[in-house]
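# Inside the fold
The residues making up each chain are set out below.
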Amino acid sequence: MNIPRQTVIAAGTLVAAALLGSSSVPKATTSDVAVSVAPEQLSVVGLPCFPGMLNLTMTNTGSQDRYADLTLDPTGPLQLSRTLFSSWLPALDPDQPVSAPVEVRVPRNAKPGSYKIGVEVDRQRVTVPVTVNPLPPKGPGDNLTLGEQATASSTHGNFTLCGAVDGDKDSEHWDTLTGWNDGTRAAFPDTYDVALSTPATINRVELYTLDSAKYPARVNGLRDWDVQVKAGDTWQTVDQVRGNTVGHVTSTFAPVQADAVRILCLDGNDHTYSRIVELEVYGS
């Protein structure tokens, strides 16, 4: 199964101010706020760590400074990280638009189909179509942690929990905030856990730590850690890695039934942070 990090059908821009003649926008109302929504269409699946992403932008085209409220109205199973975007907008300054991201998620059991998100400012409304795709089952040979729910002992403010299960294992993308970085400088241990969608028999864990031309693993990568699996309420260690200086480490072990996988981070090569670019888990 190969699900892209963001399952976007098409990218583009909807400008509300340019759609006053459209049947989807009330003609009796005008606005001095230009609104852009990108992409024009979105596609999502029911994986906790694979949200679709929208970017909202408002620009004041009028002669007076003002506040503006942008509201979002999702239909069906769509769940948004925010339904209101409010901001102070300087007048006549197209070089100072104000933007905000919105995550779009659906539950794992969401019914596939076509839905929409209404975007409204000053009673002007545009619509973003959203397609909910069926969730492909994970079978033999698939990465069982891809897109699944992650938790951690802490997370650095510039990163997200989902960064290490987003399918991007390229350390050269570290500056784009793919991967996970703990939030407690020079304090160990740290933990990074991923819950499996269903209990599975696993026997291999692939860990990618930070290792790029700018941030080599021997300086910035994870050095010491334990691989642990959870069955019921009990965690057990299935492998230990010590003194690591490379970016990719494979842990193999006797097949074991697991509900979740944990990386117990004990030290980094710079003795400051735990850094995981990607965590993959495979069954026997």
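Cut-offs applied
Throughout, residues of each chain are indexed from 1 in the direction in which the sequence is written. Per-residue local features are limited, in this predicted model, to residues with pLDDT of at least 70; the limit for side-chain atom pairs, both in listing and counting, is 80 or more; totals at the level of whole chains, interfaces and linings are taken over all residues. Calculated side-chain values reflect all of the structure's heavy atoms, with hydrogen atoms and water omitted. By definition, any uninterrupted DSSP run of H or I lasting at least four residues is a helix, any uninterrupted run of E lasting at least two residues is a strand, and each is numbered from the N terminus. Contact definition: two residues touch when any of their heavy atoms are within 4.5 Å. Per-residue confidence from the predictor is given as pLDDT, running between 0 and 100. At least two DSSP bridges between two strands are needed for those strands to be called paired. Think of each axis as a best-fit line through the C-alpha atoms, taken over the contacting stretch in the case of a helix, with angles from 0 to 180 degrees between the N-to-C directions. Cavity: a set of points on a 1 Å grid over the protein atoms alone where a 1.4 Å probe fits but cannot get out. Pocket: an open set with protein on both sides within 12 Å along at least five of seven lines, its lining residues, like those of a cavity, having an atom within 4 Å of a point. Grid points are joined across faces, edges and corners, and a volume is the space filled by probe spheres set on the points. When residues are sorted by character, Ala, Val, Leu, Ile, Met, Phe, Trp, Tyr, Cys and Pro go into the nonpolar class, Asp, Glu, Lys and Arg into the charged class, and all the rest, Gly among them, into the polar class. Each salt bridge in this description consists of a side-chain nitrogen of Lys or Arg and a carboxyl oxygen of Asp or Glu lying within 4 Å of one another. Remark: exposure states derive from per-residue accessible area (1.4 Å probe, protein chains only) relative to the maximum for the residue type, with buried under 20%, exposed over 50%, and partly exposed in between. Distance and chemistry together define a polar contact, namely a pair of N or O atoms within 3.5 Å, with one atom able to donate a hydrogen and the other to accept it when in protein, and with adjacent residues in sequence counting only for side-chain atoms on both sides. Note on aromatic pairs: the rings of Phe, Tyr and Trp (six-membered ring only in Trp) are paired at centre separations within 6.5 Å, and the planes decide the class, stacked below 30 degrees, edge-to-face beyond 60, tilted for the rest. When the NZ atom of lysine or the CZ atom of arginine is within 6 Å of a ring's centre and also within 35 degrees of its normal, the charge is said to sit over that ring.

The name given to the chain in an unreviewed UniProt entry is F5/8 type C domain-containing protein, and the organism recorded there is Kribbella rubisoli.

### Quick notes on the environment of Val256
Topologically, Val256 is positioned in strand 16 (residues 248-268). Placed 25 residues apart in sequence, Val256 and Ala231 show a C-alpha to C-alpha distance of 8.8 Å. Setting aside anything within four residues of it in sequence, one finds Val256 in contact with Ala200, Thr201, Ile202, Val229, Gln236 and Val238.

### Re the environment of Pro51
Residue placement: Pro51 occurs in the loop between strand 3 (42-44) and strand 4 (52-60). Separated by 54 residues in sequence, Pro51 and Arg105 place their C-alpha atoms 4.9 Å apart.

### Observations concerning the confidence of the model for the chain
On average, residues of the chain score 89 in pLDDT, and 89% of them reach the 70 mark or higher. Within the model, the stretch residues 2-28 combines pLDDT values under 50 with 66 contacts to residues more than four positions away or in other chains.

### Thoughts on the sheet that holds strand 3
Read across the open sheet, the 5 strands follow the order 3-10-9-5-7; overall the sheet is mixed. Of all strands in the sheet, those bounded by a partner on one side alone are strand 3 and strand 7 (84-89). Geometrically, the sheet is characterised by an average inter-axis angle of 25 degrees between neighbouring strands, direction not taken into account. Bridge count between strand 5 (residues 66-74) and strand 7: 6 bridges; the pairing is antiparallel. Across the sheet, Leu70 pairs through a bridge with Phe85, a residue of strand 7.

### Quick notes on the layout of surface pockets
Taken as a whole, the second largest pocket holds about 240 Å³ of empty space. For the lining of the second largest pocket, the element with the most residues is strand 13 (residues 190-209), which contributes 6 residues. Partitioning the lining of the second largest pocket into residue classes produces 9 nonpolar, 7 polar and 4 charged.

### Digging into the pattern of salt bridges
This structure, assessed with the given rule, holds 14 salt bridges. Glu148 serves as the salt-bridge partner of Arg108, at 2.4 Å between the closest nitrogen and oxygen. Of this pair, Arg108 sits in the loop between strand 8 (98-105) and strand 9 (113-121) while Glu148 sits in the loop between strand 10 (124-132) and strand 11 (150-152), and the two are 40 residues apart along the sequence. For Arg108, a relative accessible area of 36% puts it in the partly exposed group. On the accessibility criterion, Glu148 (1% relative accessible area) is buried.

### Quick word on the side chain of Glu280
Tracing the backbone shows Glu280 in strand 17 (residues 275-283). Residue Glu280 is classed as buried on the basis of its relative accessible area of 8%. Within the structure, the side chain of Glu280 is placed 2.9 Å from the side chain of Tyr282, a separation counted as a polar contact. Sequence-distant contacts of Glu280, that is, excluding residues within four places in its chain, are made with Asn143, Thr145, Lys169, Arg204, Val205, Glu206 and Tyr208.

### Section: unusual backbone geometry
For the bond running from Ala38 to Pro39, omega is 5 degrees, close enough to zero to count as cis. Take Pro39: it is sitting in the loop between strand 2 (33-38) and strand 3. Backbone torsion omega between Phe188 and Pro189 reads 5 degrees, so that peptide bond is classified as cis. As for its position among the elements, Pro189 is in the loop between strand 12 (180-181) and strand 13. One non-glycine residue, Arg123, lies in positive phi territory at about 65 degrees. Examined against the element boundaries, Arg123 turns out to sit in the loop between strand 9 and strand 10.

### Focus: the packing of aromatic side chains
Enumeration over the complete set of coordinates arrives at 3 aromatic pairs. Ring geometry for Tyr67 versus Trp88: centroids 4.9 Å apart, planes at 70 degrees, classification edge-to-face. A residue pair is termed long-range when its members are at least 10 positions apart, and Tyr67 in strand 5 and Trp88 in strand 7 qualify at 21 residues. Residue Trp88 is classed as partly exposed on the basis of its relative accessible area of 43%. The ring of Tyr282 has Arg204 sitting right over it, with the charged end atom 4.2 Å from the ring centre. Note that Arg262 overlies the ring of Trp235, its terminal NZ or CZ placed 4.1 Å from the centroid.

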